[in-house]
Amino acid sequence: MAVQTVNTTALLIQLKQIRDLETRLREKKKELELQVFHTIQRPDRGQSLQVELNDFTAKLSWSTEAKISQPDARIIVGKYPDFAGQVFSVSYKPKISVISRFRMLQPDLPALSELSEYLIVEEKQSIVFVEVTPDAADNSK
């Protein structure tokens, strides 16, 4: 039975190189995604757009997300417990669909206008790739 020597230093150097490469690739990915979303207009209806290419389909998605700090959320919970029970998840994550419904049905609600002072709403964009397999592309069967 042969004895194998493991060079820990060499492994750590390789891991560090991989981590650095991952970081650079993540930054490059963000940069390219920004360019893609800058060149494509968000569809009027719907939250996604499919771009069909030869080898894959890219699904571009737009979503809106709301955030609030824990201390600010506690202010709303303390003042408007019933409202907060509907608007926040257990972790105080605001439910954008419920907030939109309140804005439509009860726009003058004091709890809603106070919540709006603390709320941060961001648009999130994502790209998902679906590989086209030869079987799926072959419709001759």
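See the structure shown above.
Every value quoted in this text rests on a predicted model; they were computed, and no experiment measured them. (Residues numbered from 1 in each chain as written. Predicted model: local features only at pLDDT ≥ 70, side-chain atom pairs only at ≥ 80, totals over all residues. Heavy atoms only, no water.)

Let's talk about the overall build of the protein
What counts, and what does not: Numbering of helices and strands runs from the N terminus; a helix is a DSSP stretch of H or I covering at least four residues, while a strand is a stretch of E covering at least two. The quantity called the radius of gyration is restricted to C-alpha atoms. Its globule counterpart is 2.2 Å times the number of residues to the power 0.38. Burial status follows relative accessibility: with a 1.4 Å probe on protein chains alone, a residue under 20% of its type maximum counts as buried, one over 50% as exposed, and anything between as partly exposed. In what follows, residue pairs with any heavy atoms lying within 4.5 Å of each other are defined as contacts. For every accessible area listed, the method is Shrake-Rupley and the probe measures 1.4 Å; residues are considered covered only by the protein chains on display. In summary, the charge assignment counts Lys and Arg as positive and Asp and Glu as negative, without counting His or the chain termini. Throughout, a charge is located at the NZ atom of Lys, the CZ atom of Arg, the CG atom of Asp or the CD atom of Glu.
For the protein, the count of helices and strands is six helices and three strands. Taken over the C-alpha trace, the protein has a radius of gyration of 24 Å; the compact-globule value for 141 residues is 14 Å, which it surpasses by more than 25%. Projecting the C-alpha coordinates of the protein onto the three principal axes gives extents of approximately 75 × 50 × 30 Å. Within the protein, buried positions represent 18% of all 141 residues. Long-range contacts, defined here as pairs at least 24 residues apart, represent 57% of the contacts in the protein between residues at least 6 apart. Only carbon and sulfur atoms are counted for the fraction: they give 55% of the accessible area of the protein, which is about 11,100 Å². Once the 19 positive and 19 negative side-chain charges of the protein are each reduced to a mean point, those two points are 4 Å apart.

Quick word on the packing of helix α4 (residues 96–105) against helix α5 (residues 110–118)
Selection criterion: Helix axes are fitted to C-alpha atoms over the stretch in contact, other axes to C-alpha atoms as well, and angles between N-to-C directions run from 0 to 180 degrees. Here the word oblique covers every angle except those under 35 degrees (roughly parallel), over 145 (roughly antiparallel) and from 65 to 115 (roughly perpendicular). We call a crossing left-handed when the near helix sits turned anticlockwise from the far one by less than a right angle, and right-handed when that turn is clockwise. When residues are grouped by polarity, Ala, Val, Leu, Ile, Met, Phe, Trp, Tyr, Cys and Pro land in nonpolar, Asp, Glu, Lys and Arg in charged, and all others, Gly among them, in polar.
Contact geometry of α4 with α5 gives a least axis separation of 10 Å together with a crossing angle of 130°. Comparing the axis directions of α4 and α5 gives the class oblique. Judged by the twist between their axes, the crossing of α4 over α5 is left-handed. Contact residues: α4 offers Ile 99, Phe 102 and Arg 103, while α5 offers Leu 112, Leu 115 and Ser 116. Tallied by class, residues from the contact of α4 with α5 come to four nonpolar, one polar and one charged.

Comments concerning the side chain of Thr 57
Assignment of secondary structure puts Thr 57 in strand β2 (residues 56–67). In this structure Thr 57 comes out as buried when scored by relative accessible area, which is 10%. In contact with Thr 57, other than residues within four places in its own chain, are Gln 50, Val 51, Glu 52, Val 128, Phe 129, Val 130 and Val 132.

Observations concerning the packing of helix α2 (residues 70–79) against α5
Relative to each other, α2 and α5 sit at 170°, their axes nearing to 10 Å. The orientation of α2 with respect to α5, classified from their angle, is roughly antiparallel. For the pair α2 and α5, contact is made by Asp 72, Ile 75, Ile 76 and Lys 79 and by Glu 114, Leu 115 and Tyr 118, respectively. A class-by-class count of the residues in the contact of α2 with α5 yields four nonpolar, no polar and three charged.

Quick look at a nonpolar patch on the surface
Worth spelling out the cut-off: Like-charged residues are merged into a patch within 9 Å and nonpolar side chains (Val, Leu, Ile, Met, Phe, Trp, Tyr) within 5 Å, provided each residue has over 30% relative accessible area and no salt bridge. Take a side-chain nitrogen of Lys or Arg and a carboxyl oxygen of Asp or Glu: if they are within 4 Å of each other, that pair is a salt bridge.
A contiguous nonpolar surface patch, about 310 Å² in accessible area, is contributed by Leu 12, Leu 15 and Ile 18. Along the chain, Leu 12 falls in helix α1 (residues 8–39).

Considering the nonpolar core
Put simply, the test is: By nonpolar core we mean a set of buried residues, namely Ala, Val, Leu, Ile, Met, Phe, Trp, Tyr and Cys, connected to one another through side-chain atoms within 4.5 Å.
Grouped together as the largest cluster of nonpolar side chains are 15 residues, with contacts concentrated most on Phe 83, Val 87, Phe 88 and Leu 115. Of all the elements in the fold, those that place two or more residues in this core are α2, α3 (81–87), α4 and α5. Setting aside residues no more than four positions away along its own chain, Phe 88 makes contact with Ile 68, Ala 73, Ile 76, Val 77, Lys 93, Pro 94, Lys 95 and Leu 115. With five residues, the next largest nonpolar core counts Phe 37, Ala 58, Trp 62 and Ile 127 among its residues.

Quick notes on the environment of Tyr 118
On the secondary structure map, Tyr 118 appears in helix α5. Judged by its relative accessible area of 22%, Tyr 118 is partly exposed. Between the C-alpha atoms of Tyr 118 and Lys 67, which are 51 residues apart in sequence, the distance is 8.7 Å. Sequence-distant contacts of Tyr 118, defined by excluding residues within four places in its chain, comprise Lys 67, Ile 68, Asp 72, Ile 75 and Ile 76.

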